[in-house]
Structures are given as C-alpha cells and as structure tokens.
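Residues per chain are reported as follows:
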Protein chains: 2
Amino acid sequence: MNSDELKDTVKVVRNWLVEARDNVLRKIDSRLKVDTKSGRSDLVTNIDRANEQFFVSKIRQFDPEAKILGEEGFGDQVDNIDGRIWIVDPIDGTMNFVKQRNHFAMMISLYIDGQGVLGFIMDVINNELLYGGPEYGVYLNSTKIDEVKNTNLSDGLIGLSGPLVINDNFHMQDIAQTSLGMRIYGSAGIDMISVFKGELIGYISYLKPWDFGAGKIFAETLGLKMTTIDGQQLGVLSSKPVLLATENAHRDILTIVKK
Amino acid sequence: MNSDELKDTVKVVRNWLVEARDNVLRKIDSRLKVDTKSGRSDLVTNIDRANEQFFVSKIRQFDPEAKILGEEGFGDQVDNIDGRIWIVDPIDGTMNFVKQRNHFAMMISLYIDGQGVLGFIMDVINNELLYGGPEYGVYLNSTKIDEVKNTNLSDGLIGLSGPLVINDNFHMQDIAQTSLGMRIYGSAGIDMISVFKGELIGYISYLKPWDFGAGKIFAETLGLKMTTIDGQQLGVLSSKPVLLATENAHRDILTIVKK
C-alpha cells in the first residue's frame, strides 16, 4: 500500500472504532445475553456478535475482495495467508467485559500475503487507541511511539495468563519470580497496550490469531519480539502459547522456558 | 463526630488529596530516587516520602491531638488503638508507580478508639476517589455506592497477590480455579476500588494497616467482609494475610482455606 492508501485506511478504521465504541457504551448497562463456548470461562455475548457483524459489514464495503477472519465466525473460513486478510476481535477480554464492564479491547489488523500492514487495539473504557504498522509508524492516540525500552526480565513487570501460572506451564512461576512481579489483567489487548506503553516488559498467554494479530504488527515495528513460547516464528493463523517481550526479556524468558 | 464535623473532614481531606495528586503528577516524569526496603520488590521513592510528609503536616495542623500511622515512618509510633488515629499510605503500589507510572493509589483513614470513621482511596491516574464511612456513606467520585452485589466465588473474578499464588499459600490456586478467574493488579488500593465497584468479588493479600485501613471502613459500611485469611477479626494495627470479599464469596473462600 502506498502512503496515501495507508493514511486513508487508518482514517477509515479509526472511524469504525469510534462508532463501534459508541455502540458498545450505549448498550453497556443493558442486560447481556451471555453464552459459553469451550468452557465456563470462555464467553461470548450478544454485543461481541453485533460488534463483529458491524466490523464485517464495514470491511466488506471498504475492501470487498479481502478475506475476513473473525473470532465469532461472521467472517470467512480462512485457511491460507494469501492476499488481503482482515482479522477482527470484536470484544477481547469478554470475561472482563461481562463481569467488570471494564478492561476489554477491540482489535483489528490487516495482513497482505502474511505481512502485517496495520493494527488497531482500542481500550474501550479508557478510550486509548494504539494503531499503526511498519510503514505508518505506531501511535498511542496522537502520540508516536518510537521505541520501547529494552528492559531485562529481572527489571520489569510481566503480564501473564492465569491458567498458565496455575498450571506452571513452561516454568511460568519461575518466570514470574525472576521478574519484579506478575500482573494478570485478563485481556490480551489490554496487556499488549501495557507492553507497548512500557508498563510491562512482556506478556505470555495462549493466543489465537484475533488475539495477537494487531500486537504482532506493533512488535515487529517497535523492535520487540513476538514468537511462540519456545522462540519459533509465529504464523498468522496459528493458535499457540505466545511470548511477546522486549528483546532482552525475550532472551531471559526463553532461557527459563528451555530449562 | 457529628454530621457537620464529618462533612468538614471529608471536604478538608479531599482537598489534601487533590493537592497531593497535583504534586505527584507534576513530578511523575522526573527521575525517581528509588530505594528498596525489605527486599527487591519492596520499594520506596522520594515521592512516597514527600507525599507522606505532606499528609502528616496537613493532619498535624488540622487535628493536632491525633496520632498518625504512616507507611514511611514520618508519623508516630502507634502501639494502641486509643483515641484518634490517622493512617496514611502516601503511594500504595510503589512498584507499579515506579515501573508503570500507573495503577497506584493514595490512601488515608481515620479511626477513633478502633472504630473506622472515614476512609479515602484515590486511584491517582484515573482520578477516581472512593471515600466515606459508616455515618457518611460511601461515594465513588460523586456517586453514592449503596451496595455491592453478593456474588459467589464461582461467579466472579478475584484479585490476588502474586506471591500468595506462586507459593500456593492457603490453597490460593484452588481459590483462583474455583473463581471465574484471578486478576493481579499489584496495588491493594486499586484492587479494593475494583471490589467496591463490583468488578472483583474479593481480594486477598498480605496487608499492613496502611494497606487495609480505608478498605476495612468501606467493607463494614457496605456489608462486605474483611477479616484475616482464616476468618478472624482484623485488628486495626495488625499485619496479616487479609481476605476482603462479598459475604458469599467470603464463605466460599474460607471453606477452601480450611480444607
């Protein structure tokens, strides 16, 4: 995409997010229809669904040839990375959304032939939007983020997923104890915003494409590393335990994972 | 205290908090002087100290006969609960303050002969203030909080301290797995605001008087339970693992603790 197309796309997607945010906030105090998916802590609500349908219809109008990969299944069956792919998470952190009406995100990303082009993560309640990509740069609201300090694991706080900690998968408890402290926020989007703001030096969780699509683009742009938990390249369509961290913390964590 | 004295005290303390918040925000981007206390994750900064000195000098002027119990030691040696005691935590969640410049709180409470009279918890960055007491009522900014829904452990999210989870003290991992998920925010003040807003059904951590002084007053006013981890009464001057929860979740958690 040339620079005008990038600017235009950013403007259009930001408008979708503003409209979607208004929609969510208007309905946030209403009684939600909540269903479970894979288990009692994997939820979907009528608002997740309506929000994904909203994004899918906007993307179809704006970019009719593209494929869409959406968490709630209103997009397409996507089985290869060829061409233009929009990845949509209408409400990330649905448990927080349901139980807290806080600490949840909306995430969108655009990949072309497997290359990340633009990502968007919006903290809905705090009205914070992280967006951009390798050609466009990365912005938090209107402030450009040029770098994230390359902190060691032992010098920072790390965001983790609760189940990985409880089960001590990949020596997660050792990783937590080597850091200055673990934080558990319950939303990949909120955790990743914290990493790119420099509040956390990394984040580890089992993630699906809609959970990491936008974050992977920011990581690549800002010199952080986002890989599988054992340091392998993270495919756009994979569902795996994912490690996002500063370069130094990534190295420190891999040493512990491979113990 | 009569109702006019309560109103006057609330007004005065709110003004201190506004002024203290301005002071902190003015210095937040400066280079901090950070010292460790009991270990590498127990920090104090020049701003913690300056902020406590600010509160202590305000309290001395306003209530010269009272005793002051402050985290950083600028108050008095307090060894009994007789008379008027002000409890001050100038920066709660100092690790978050140092590493995130976010997710930290200021907390003040007033006890008379061991009875909680007024408490104040301010989320500095979000500018949220929870305040009040049994006679005054409890307010979040200008909205009165009348009740917190009496949710079961299995129906809510719970705030925990990282070390208790890692060491699995008091069957903490079983408690986390019985809930819908654990959250770790790293500041007693921020966790307790979340409980009183209904975002978490409880919070468990090792706490000192300045960590729980204000929260204990709100809990007693709003029908939540705040006790030691084994369900005993929590003395104002004690330093113990503390369990704050809705009545139902408190019962559910004690059952697990006593297994």
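Residues numbered from 1 in each chain as written. Chains lettered and ligands numbered in written order. Predicted model: local features only at pLDDT ≥ 70, side-chain atom pairs only at ≥ 80, totals over all residues. Heavy atoms only, no water.

Asks: Requested: an account of the interface of chain B and chain A, with residues and values cited.
Replies: Contact residues are listed per partner, giving 31 residues for chain B and 31 residues for chain A. Of the roughly 2600 Å² buried between chain B and chain A on both sides combined, carbon and sulfur atoms contribute 51%. Across the chain B-chain A interface, the total number found is zero salt bridges. The tally of links from chain B across to chain A stands at 21 residue pairs in polar contact (both at pLDDT 80 or more). Those elements that provide at least two residues to the side of chain B that touches chain A are helix H3 (94-100), helix H4 (162-166), helix H5 (172-178) and strand S11 (181-183) of chain B. Considered class by class, the residues forming the side of chain B that touches chain A number 10 nonpolar, 15 polar and six charged. (Contact = heavy atoms within 4.5 Å. Buried area = accessible area lost by both parts, 1.4 Å probe. Salt bridge = Lys/Arg side-chain N within 4 Å of Asp/Glu carboxyl O. Polar contact = N/O pair within 3.5 Å; in protein donor to acceptor, adjacent residues only side chain to side chain. Helix = DSSP H or I, 4+ residues; strand = E, 2+ residues; numbered from the N terminus. Nonpolar A, V, L, I, M, F, W, Y, C, P; charged D, E, K, R; others polar.)

Asks: Which residues make up the UniProt feature "binding site: Mg(2+)" (unreviewed entry) in chain A, and what values do they have?
Replies: Residues and elements named next belong to chain A. Summarizing the sequence annotation, UniProt attributes the feature "binding site: Mg(2+)" (unreviewed entry) to Glu71, Asp89, Ile91, Asp92 and Asp211 in the numbering used throughout. Taking the farthest pair of C-alpha atoms as the criterion, the annotated set spanning 141 residues converges on one region, since that pair is 10.0 Å apart. Its place among the elements puts Ile91 in strand S4 (residues 84-92). If we ignore the near neighbours within four places in the chain, the residues touching Ile91 are Val24, Ile47, Asp48, Asn51, Glu71, Phe97, Phe104 and Ala105. Looking at the secondary structure, you find Asp92 in strand S4. Excluding anything up to four places from it in sequence, Asp92 contacts Phe104, Ala105, Met107, Ser187, Ala188, Gly189, Ile190 and Asp211. Separated by 3.1 Å, the side chain of Asp92 and the backbone nitrogen of Ala188 make a polar contact. (UniProt positions renumbered as here; feature names shortened; annotations may be inferred.)

Asks: Go over the domain arrangement of chain A with me, naming the residues and quoting the values.
Replies: All names here are of chain A. Entries for chain A in the domain assignment read domain 1 (3-145) and domain 2 (153-257). For domain 1 versus domain 2, the separation of C-alpha centres amounts to 20 Å. The partner domain 2 presents 23 residues to the 39 residues of domain 1 that form the contact. Area buried by domain 1 at its contact with domain 2 is led by Tyr111, Ile121 and Leu130, which between them contribute 21% of it. Taken together, domain 1 and domain 2 are joined by one salt bridge. Residue Lys197 pairs with Glu128 through a salt bridge whose shortest N-O separation is 3.0 Å. (Domains from an automatic or database assignment.)

Asks: Explain the sheet that holds strand S11 (residues 181-183) of chain A residue by residue, including any values.
Replies: Residues and elements named next belong to chain A. Across the sheet, five strands lie side by side as S11-S10-S12-S14-S13; this open sheet has mixed pairing. The outermost strands of the open sheet, each flanked by one partner alone, are S11 and strand S13 (225-228). Taking the axes of each pair of neighbouring strands and ignoring which way they run, one obtains an average angle of 20 degrees across the sheet. The pairing of strand S12 (residues 202-207) with strand S14 (residues 240-245) spans six bridges and is antiparallel. (Pairing = 2+ DSSP bridges. Axes fitted to C-alpha atoms, helices over the stretch in contact; angles between N-to-C directions.)

Asks: Summarise the environment of Asp146 of chain B; cite the residues concerned and give the values.
Replies: Residue and element names in this part refer to chain B. You can see Asp146 is positioned in the loop between strand S9 (143-145) and strand S10 (157-160). Judged by relative accessible area, which is 59%, Asp146 ranks as exposed. Between the C-alpha atom of Asp146 and that of Thr221, which follows or precedes it by 75 residues, the distance is 9.1 Å. Among the polar contacts made by the side chain of Asp146, one reaches the side chain of Lys144 at a distance of 3.3 Å. (Buried < 20%, exposed > 50% of the residue type's maximum accessible area, 1.4 Å probe, protein only.)

Asks: Got a sec to walk through the pairing of strand S8 (residues 137-140) of chain A? Specific residues and values, please.
Replies: Residue and element names in this part refer to chain A. The pairing of strand S7 (residues 128-133) with S8 spans four bridges and is antiparallel. Within S8, the residue paired with Gly132 across the bridge is Val138. Linking S8 to strand S9 (residues 143-145), which pair antiparallel, is a turn of two residues; within it Asn141 sits at a positive phi near 50 degrees.

Asks: Could you give an account of the relation of the copies chain B and chain A, naming the residues involved and the relevant values?
Replies: The operation relating chain B to chain A is a screw motion whose rotation component is 180 degrees, with 0.0 Å of axial translation and a residual RMSD of 0.0 Å. On this basis, the relationship between the two copies can be described by a two-fold rotation axis. Residue Ile184 of chain B, judged by its C-alpha, is the member of chain B lying nearest the rotation axis, at 2.3 Å. When the interface residues of chain B are mapped onto chain A, 100% of them are again interface residues, pointing to one common binding face. (Least-squares fit on C-alpha atoms with pLDDT ≥ 70 in both.)

Asks: Can you break down the sheet that holds strand S6 (residues 115-123) of chain B residue by residue, with the values?
Replies: Residue and element names in this part refer to chain B. If you walk across this open sheet you meet the seven strands as S3-S4-S5-S6-S7-S8-S9, and the pairing is mixed. A strand with exactly one partner marks an edge of an open sheet, and here the two such strands are strand S3 (67-70) and S9. Each strand axis lies, on average, 15 degrees off the axis of its neighbour in the sheet, ignoring direction. The sheet contacts of helix H1 (residues 3-27) involve strand S4 (84-92), strand S5 (105-112), S6 and strand S7 (128-133), and relative to S6 the element is tilted by about 30 degrees. Where helix H2 (residues 46-62) meets the sheet, its contacts fall on S3, S4 and S5, and the angle it forms with S4 comes to roughly 155 degrees.

Asks: Residues and numbers for the pattern of salt bridges, please.
Replies: All names here are of chain A. Evaluated as defined, the whole model comprises 26 salt bridges over all chains. For the salt bridge of Asp35 with Arg49, the shortest nitrogen-to-oxygen distance reads 3.4 Å. Here the residue Asp35 occupies a position in strand S1 (residues 34-36), and Arg49 occupies one in helix H2 (residues 46-62), the gap between them amounting to 14 residues. What you see here is one network of salt bridges that share partners, running through Lys33, Asp35 and Arg49.

Asks: I'd like a description of the packing of aromatic side chains, backed by residues and values.
Replies: Per the counting criterion, the structure on display carries 21 aromatic pairs over all chains. Look at Phe196 of chain B and Phe218 of chain B: their rings are 5.6 Å apart centre to centre, the planes differ by 80 degrees, and that puts the pair in the edge-to-face class. Remark: Phe218 of chain B occurs in helix H7 (residues 209-222) and Phe196 of chain B occurs in helix H6 (residues 188-196); sequence separation between them is 22 residues. Among the aromatic residues, those joined into a ring-pair cluster are Phe120, Tyr131, Tyr136 and Tyr139 of chain A. (Phe/Tyr/Trp six-rings, centres within 6.5 Å; stacked < 30°, edge-to-face > 60°.)

Asks: Talk me through the packing of helix H1 (residues 3-27) of chain A against H2 of chain A; I want residue IDs and the actual numbers.
Replies: A pair of packed helices is captured by two measures, namely the crossing angle of their axes and the spacing between those axes. All names here are of chain A. Between H1 and H2, the least distance of the axes is 11 Å, while the angle of their chain directions is 155 degrees. By the angle class used here, H1 and H2 are roughly antiparallel. In this structure, the crossing between H1 and H2 has a hand that is right-handed. Contacts between H1 and H2 pair Asp8, Thr9, Val12, Trp16, Leu17, Glu19, Ala20, Asn23, Val24 and Lys27 from the former with Ile47, Ala50, Asn51, Phe54, Phe55, Lys58, Ile59 and Phe62 from the latter. Tallied by class, the residues present in the contact of H1 with H2 amount to 11 nonpolar, three polar and four charged. (Parallel < 35°, antiparallel > 145°, perpendicular 65-115°, else oblique. Left-handed = near helix turned anticlockwise from the far one by under 90°.)

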